[in-house]
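Observations on chain architecture
Next come the chains, spelled out residue by residue.
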Amino acid sequence: SGPITVGQSVTFVVTVTNLSSDPAEDVVLLEVLPGNSSDPRQPSRGHVQWVSQTYTSDPALSCSGAPRPADSPPYGTECKLDRPMAGGESVSLTVTGRADLAGRAVNYAYTSSSSYAYDPATNTWGPVDDDPNSSNNSSATTFQIIEGAPSVRRGDAHNNTLRGRPGPDSLF
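Report on the accompanying structure.

Cut-offs applied
Residues numbered from 1 in each chain as written. Predicted model: local features only at pLDDT ≥ 70, side-chain atom pairs only at ≥ 80, totals over all residues. Heavy atoms only, no water. Helix = DSSP H or I, 4+ residues; strand = E, 2+ residues; numbered from the N terminus. Buried < 20%, exposed > 50% of the residue type's maximum accessible area, 1.4 Å probe, protein only. Contact = heavy atoms within 4.5 Å. Areas by Shrake-Rupley, 256 points an atom, 1.4 Å probe, with all protein chains shown as cover. Polar contact = N/O pair within 3.5 Å; in protein donor to acceptor, adjacent residues only side chain to side chain.

1. Things to note about the overall build of the protein chain
A count of helical and extended segments in the protein chain gives zero helices and 13 strands. Counting helices and strands in the order they occur from the N terminus, the protein chain gives β-β-β-β-β-β-β-β-β-β-β-β-β. Residues classed as buried in the protein chain amount to 31% of the 172 residues present. Put simply, 72% of the contacts in the protein chain that link residues at least 6 apart link residues at least 24 apart. Counting only carbon and sulfur atoms, one obtains 52% of the accessible surface of the protein chain, whose full area is about 11000 Å².

This is the structure we're talking about:
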């Protein structure tokens, strides 16, 4: 779609689907609105201010509210699924924001899953990335935020006076 204007609302819908037939464990979703990260890998001059969010009504899915300030991770809305995600299952997060700074804007979404497993080689337990295809775990949507056209105000017979120096000044 085309550019949006400063002051305009914008909605991002992020859907995570487990494409495997196996369950995914410790599923995490991170949504970062444009300009809300100080991470240099996520440059965005355009800025979208978080307004609200909704997500799949599943008691096991919990999401943070308004993101933290841009200088403190995780920079966006973070959701966690507190149970294994079945093969073929989907969860969604919808974030609404308001464009408040013009420029190139990039919206980021990222998901991951892992589980704890025993490594006999090191005789330790630890997190294991159990996703066989991590290339489909992130998305970046780029768009432009532009300044709106200046508003023109026209006077009429009742509203044509500017107060400046002593006495009224008329507009022509």
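2. As for the environment of Ser90
Within the fold, Ser90 resides in strand β7 (residues 90-101). Residues Ser90 and Leu19, 71 residues apart in the sequence, show an inter-C-alpha distance of 9.1 Å. Those residues in contact with Ser90 that lie beyond four places of it in its chain are Thr15, Val16, Thr17 and Met85. Within polar-contact distance, the side chain of Ser90 engages the side chain of Thr17 at 2.6 Å.

3. Side note on unusual backbone geometry
Not every positive phi belongs to a glycine, and Asp26 is a case in point at roughly 50 degrees. Here Asp26 shows up in the loop between β2 (9-17) and β3 (28-32).

These values are about where atoms sit, not about what they do.
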